[in-house]
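# Reading the structure
Each chain is listed here by its residues.
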Amino acid sequence: MTDKIPVEVGIVHEGERIRGPDMFLELGGPKVKYKAELVQVRKADEIEDGKVIVIGKDIPEFSEGDRSSFGILVDIYGGKVEKELEGVIERRVHDFLNYIQGFMHLNQRYDIWCRVSKDAKEKGLTFKHIGTAIMNLFKTAFPFIEKSQITFMTDEAKVKEHHDMAIKIYEERDKRVRGMKDEDVDVFYACTLCQSFAPNHVCVISPQRVSLCGSISWIDARAAANVDPDGPNFAVDKGELLDEKTGEYSGVNEAIKKATNGANDRFFMYSMFGYPHTSCGCFEAIAFFIPEVEGIGIVDRNYNEAAVNGLKFSAMATQTGGGEQAEGFLGFGVEWMHSAKFFNAEGGWSRIVWLPSHIKERVKEAVPEDIYDKIATEKEVTNLDELKKFLQEKGHPVVERWGAKGDDLKDKVMSYIQEKDGEIYPDEASKDLGITEDELMKIIEKLQEDGALE
Amino acid sequence: MKGTVIAVTGKGGVGKTMLSALLIGILGDSQPGKSILAIDADPDSNLAESLGVEFQKTVGDIREDMLREKPSPGVEKKKYLDAKVFEITVETDNFDLLVMGRPEGQGCYCAINHMLRDIVDNITKSYDYIVIDAEAGLEHLSRRTTENVDSLLVISDASKKGLDTAKRIKDLTRELNIKFNNLYLILNRVTPENKDVLEDEAGKLGIEVIGSIPDDPEVSDLDLRGRPITGISQESKAYKEAENIARKLIKNG
Ligand SMILES: Nc1ncnc2c1ncn2[C@@H]1O[C@H](COP(=O)(O)OP(=O)(O)O)[C@@H](O)[C@H]1O
Ligand SMILES: [Mg+2]
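Summarised in this report is the structure supplied together with it. For clarity, every value in this text was computed on a predicted model and none was experimentally measured.

All right, on to the interface of chain B and chain A then. Each partner contributes residues to the interface: chain B has 31 residues there, and chain A has 38 residues. Connecting chain B to chain A are five salt bridges. Linking R17 of chain A and D82 of chain B is a salt bridge whose minimum nitrogen-to-oxygen distance equals 2.8 Å. Our count for the contact surface shared by chain B and chain A stands at 12 residue pairs in polar contact (both at pLDDT 80 or more). Looking at the side of chain B that touches chain A residue by residue, the class counts come to 13 nonpolar, nine polar and nine charged.

Our next topic: the sheet that holds strand β7 (residues 180–190) of chain B. Residues and elements named next belong to chain B. Here we have eight strands laid out as an open sheet, ordered β3-β4-β2-β5-β1-β6-β7-β8, and mixed in their pairing. The sheet is open, and its two edges are formed by β3 (90–91) and β8 (208–214), each paired on a single side. Across seven bridges, the pairing between strand β6 (residues 149–156) and β7 is parallel. When the bridges of β7 are listed, L152 appears paired with L183. Of the strands in this sheet, β1 (4–10), β6 and β7 are in contact with helix α7 (residues 160–175), which crosses β6 at around 155°. Where helix α8 (residues 195–203) meets the sheet, its contacts fall on β7 and β8, and the angle it forms with β7 comes to roughly 160°.

Residues and elements named next belong to chain B. Taken together, 17 residues lie around ligand 1, and G13, K16, T17, M18 and N188 are the ones closest in. Within the contact set of ligand 1, an oxygen atom lies 3.3 Å away from a backbone nitrogen or oxygen of V14. Contacts to ligand 1 include R189, whose side-chain N or O atom sits 3.2 Å from an oxygen atom. Relative to its free-state accessible area of 570 Å², ligand 1 is covered by the protein chains to the extent of 84%. Mapped onto the shell around ligand 1, the elements with two or more residues apiece are α1 (16–30), β7, β8 and α9 (217–225). Counted by class, the shell around ligand 1 contains five nonpolar, six polar and six charged residues.

Turning our eyes to something else, we now look at the side chain of K77 of chain B. Take K77 of chain B: it is sitting in helix α4 (residues 77–88). Side chain to side chain, K77 of chain B and D220 of chain A meet in a polar contact 2.4 Å long. For K77 of chain B, the residues in contact, after removing those within four places along its chain, are S215, I216, S217 and D220 of chain A together with M66, P71 and M115 of chain B.

Turning to the sheet that holds strand β11 (residues 233–237) of chain A, a few remarks are in order. Residue and element names in this part refer to chain A. Taken together, three strands build an open sheet; the order of strands is β10-β9-β11 and the sheet is antiparallel. Since the sheet does not close on itself, it has two edges, and those belong to β10 (203–205) and β11, each with one partner. When the angles between neighbouring strand axes are averaged without regard to direction, this sheet yields 35°. Sheet topology places strand β9 (residues 187–191) next to β11; five bridges connect them, and they run antiparallel. If you follow Y189 over to β11, its bridge partner there is A235.

We now examine the pattern of salt bridges. Inspection of every chain in the model, using the stated rule, returns 34 salt bridges over all chains. For R115 of chain A, the salt bridge is made with E91 of chain B, and the minimal N-O distance between the two is 2.8 Å. One end of the pair, R115 of chain A, is in strand β7 (residues 113–117); the other, E91 of chain B, is in strand β3, on a second chain. The buried category is assigned to R115 of chain A, whose relative accessible area is 5%. The partly exposed category is assigned to E91 of chain B, whose relative accessible area is 31%.

Calculation rules
- Residues numbered from 1 in each chain as written.
- Chains lettered and ligands numbered in written order.
- Predicted model: local features only at pLDDT ≥ 70, side-chain atom pairs only at ≥ 80, totals over all residues.
- Heavy atoms only, no water.
- Contact = heavy atoms within 4.5 Å.
- Salt bridge = Lys/Arg side-chain N within 4 Å of Asp/Glu carboxyl O.
- Polar contact = N/O pair within 3.5 Å; in protein donor to acceptor, adjacent residues only side chain to side chain.
- Nonpolar A, V, L, I, M, F, W, Y, C, P; charged D, E, K, R; others polar.
- Pairing = 2+ DSSP bridges.
- Helix = DSSP H or I, 4+ residues; strand = E, 2+ residues; numbered from the N terminus.
- Axes fitted to C-alpha atoms, helices over the stretch in contact; angles between N-to-C directions.
- Near = heavy atom within 4 Å.
- Areas by Shrake-Rupley, 256 points an atom, 1.4 Å probe, with all protein chains shown as cover.
- Buried < 20%, exposed > 50% of the residue type's maximum accessible area, 1.4 Å probe, protein only.

Read these as spatial facts, not as claims about activity.
Okay, structure coming up:
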């Protein structure tokens, strides 16, 4: 056996599909139960650099049209390689295997699906060739990899063992992704895919804030931006954190100003007041402020009845969407409800007062236990009067705001006016104070009645 | 590598699916070793049936599934969707078939659609010939992002509505900015009685006519018996004219 790979290796072969009639062998795929690929960081003495191990049959030993279980294990070592990098490096297995002419790789993790072409088999392609080629590609792409070793498995029992072990590792990784915080990264991503509908809209996607449509997580956006940095998903340097509570970042502000041609220049990532994130038309759910109870209601796209405020999703969607900043309304992706930054500025789950029961069930895990039963659904409450009663009976945290709020706000407005030497602009002031202009005017009227203001 | 893209369009019922299926069969027979992708982009269509194959799922179904059940957070959706599309591609010895299915519904699909569009565009790069059975609204064509259509075939039968639609399609390509190299008109169900008037009226549209398919009892017969059109005899009038059309497309494409 010669060591030189008998087929071409290069990016030109990347999108190549191997169709049924051209296929010699199928590895993994939907018709095979066990398949998995995994990258693991090892200690220096645990692996032998450049070694390719094959457990089970190698390519030439199969017959035309065969289908097999398939496992790939890439072990790497490097003084600077951290465990956290495993996922990032693993993503490249797909790319690199596809560089090999006559070898197709689809999907990821426990869903991998590979094919070897008749042509490649004829030329004598083996796993040893493939392994050596992709280890070289890895070392070129990640120079900090000092040693690598690769194992291909086609023996079913061995693949099953590998698969079961890999599943546990994927679960841990998912947990880590879910636990990833906006503080942990320097880069967020923008998405301008919806600008054809809402020209001034841009989604800012962070680890703790999924796109409004729910389809693009920070991971997806990063993948897209890596492939096409000037495309609709591009990196946004988050810059300086200007306000922890509302989630205002200097870099985000700059990026949206550019992406909206100046239509918007400030975004609060975690708030529905002040300068809320705009909404396209494709959000999975809408949050709406209910001034009567000082709380936030939520309705999603699949709920066809009127929400507790008497409005249907479709009616509110018209008010919310289109790329305008609409205070008191916010479109968002349901996954955001799992985020610790979910309405961080307003008080998070302790401000949520109503949502459809199927959503409440779906995000059950995300709702703090002590608040879960205090949030109403269409099953308990259908209008605002009932809602008020329900919240009072259950002792929902928003109830505390009802009485205290008046005096509290009066003080706040008073000191604000003094701070500004009596010169205030209602739109700016309401934003600074985190209340609507209407509310502000009412408070000023009250202050005038009290004689505190002229 | 870039394959030859042939799209067939026209008013409902004028014979788009029949011609698409005939062309797929003819390309397969006359170009051995070349790969062919059939795309059914007409939601009201039955290209699979006309080709005599069965399919499980459409691209539209994948989109719906995706909105209901989200994959794990650490999974890249595009890779996942890519494999799903490959999975629903029907593979036969002579051609592959991809059924687009329902157009987008009321959910939010911007992102998912964008990914799917990219994926379908990318898949077409792996084939020598791509034949698209498209509806008159050209929805699918307008959403293609990269690849040009080589030959856009507009079919009309001997009806005013058929010809009007052909004219509208010509205008629509401009409105939707659909890029194609050639635009051709094909007359279908031509009889000795309607031939002269039809050719006369068609001439007024200003689209080059490259085929005139006779009304063929063998086509009607297969249709009535629910048999795939690909089973038509090579001596039939419709097959012979479709062969002529295919020859022109291969030369031009
Ligand atoms: N040349 C022809 N001769 C006889 N019947 C035809 C011919 N062309 C089409 N038909 C019949 O017309 C009907 C509509 O054709 P079809 O290809 O399904 O149209 P479309 O796809 O444009 O809706 C079918 O029943 C088909 O068998
Ligand atoms: Mg049809």
